[in-house]
Amino acid sequence: MAQFYFKYGTMNSGKTIEILKVAHNYEEQGKKVVIMTSAIDTRDGFGIVSSRIGMRREAIAITDDMDVFAYIQNLAETPYCVLIDESQFLTKQHVYDFARVVDELDVPVMAFGLKNDFRNELFEGSKHLLLLADKLDEIKTICQYCSKKATMVLRTLNGQPVYQGEQIQIGGNETYIPVCRKHYFHPPIHMNEIKER
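Quick look at the structure, then. Bear in mind that the values here come from a model prediction, so they are computed numbers and not experimental data. (Residues numbered from 1 in each chain as written. Predicted model: local features only at pLDDT ≥ 70, side-chain atom pairs only at ≥ 80, totals over all residues. Heavy atoms only, no water.)

## Overview of unusual backbone geometry
You will see that E86, though not glycine, has its phi angle at about 55°, which is positive. Here E86 lies in the loop between β6 (81-85) and α3 (92-105). A positive phi is found at D106, a non-glycine position, where the angle reads about 55°. As for its position among the elements, D106 is in the loop between α3 and β7 (109-113). What makes D106 partly exposed here is its relative accessible area of 49%. (Helix = DSSP H or I, 4+ residues; strand = E, 2+ residues; numbered from the N terminus. Buried < 20%, exposed > 50% of the residue type's maximum accessible area, 1.4 Å probe, protein only.)

Structure representation (C-alpha cells):
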C-alpha cells in the first residue's frame, strides 16, 4: 500500500542528496521513478534538481497551474515512486493532488523540503504536507554556530540577519544559514566568526 512521505530539514541537511540516492536505488532495480521540483527554484536551471556537492538530475518542473495528478495518471508507464524536491513551494492543490496519486493510483510520493521559512513560519506546501502526509521524517543537520540540531533557517544580507521580507527569495549558502533556536534569535555579532565549541 502506497504512502505519502514528507521529509523535511533545514538548508544543508542533505534533502536533495537523499532524493538522488532514492532515485538511484529504484533505478538500479529497474524501477521507474519520476523526479519533480518546483519551477520557482531556477538556481541551476529550470527543472533541475541539484545538490551542493555537485550531483544533479533533470526533473519535471511543477508550475503553479500544473495538474500533477493528471500528469502522473497519464504517464505511459506507472512509476514505482514520485520524488519531489523543494516541496515547500507546492500549492495546497498540488499537495492534495499528490495525496490522490498515493490513494487512487497507489504510487508512493516522497516530498522533500523545508518546513519553516526564514521568518519561522510554515510555507504553504509544508503546512499541507504536515497535515496530509502519512509519514513525517526530519532530516537533521547541525547549527552553523554550535553543535545543536539546526531547526531554523536564518536569512542574511551582507552578513547580517534578516527577519522581514518576502517569504520566497531563492538562494543558497550565500543567503541562508541552518541554525538552532538560540542562534536564530541571537546570532553571533559577527556572523562569520568561528563556530562555538
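## Points about the environment of G14
Its location among the elements puts G14 in the loop between β1 (4-8) and α1 (15-28). Distance in space between the C-alpha atoms of G14 and T141 is 8.2 Å, their sequence separation being 127 residues.

## Some thoughts on the packing of α3 against helix α4 (residues 124-132)
At a closest axis distance of 8 Å, the pairing of α3 and α4 adopts a crossing angle of 30°. Here α4 runs roughly parallel to α3, going by the angle between their axes. α4 is crossed by α3, and the crossing has right-handed handedness. Residue-level contacts link K92, V95, Y96 and A99 of α3 to E124, G125, H128, L129 and L132 of α4. Looking at side-chain class alone, the contact of α3 with α4 contains five nonpolar, two polar and two charged residues. (Axes fitted to C-alpha atoms, helices over the stretch in contact; angles between N-to-C directions. Parallel < 35°, antiparallel > 145°, perpendicular 65-115°, else oblique. Left-handed = near helix turned anticlockwise from the far one by under 90°. Contact = heavy atoms within 4.5 Å. Nonpolar A, V, L, I, M, F, W, Y, C, P; charged D, E, K, R; others polar.)

## A few points about α4
Residues of α4 that are buried: G125, S126, H128 and L129. Residues of α4 that are buried sit in contact with β1, α3, β7 and β8 (135-138).

## Let's talk about the side chain of Q88
Here Q88 shows up in the loop between β6 and α3. A polar side-chain atom of Q88 sits 3.0 Å from the main-chain amide nitrogen of L114. (Polar contact = N/O pair within 3.5 Å; in protein donor to acceptor, adjacent residues only side chain to side chain.)

## Side note on the sheet that holds β8
Pairing within the open sheet is parallel, and its six strands lie in the order β5-β2-β6-β7-β1-β8. Unpaired on one side and paired on the other, β5 (60-62) and β8 mark the two borders of the sheet. Here the average twist between neighbouring strands, direction ignored, is 20°. Bridge analysis of β1 against β8 gives four bridges, and the strand direction is parallel. Paired with Y5 across the two strands is K135, which belongs to β8. (Pairing = 2+ DSSP bridges.)

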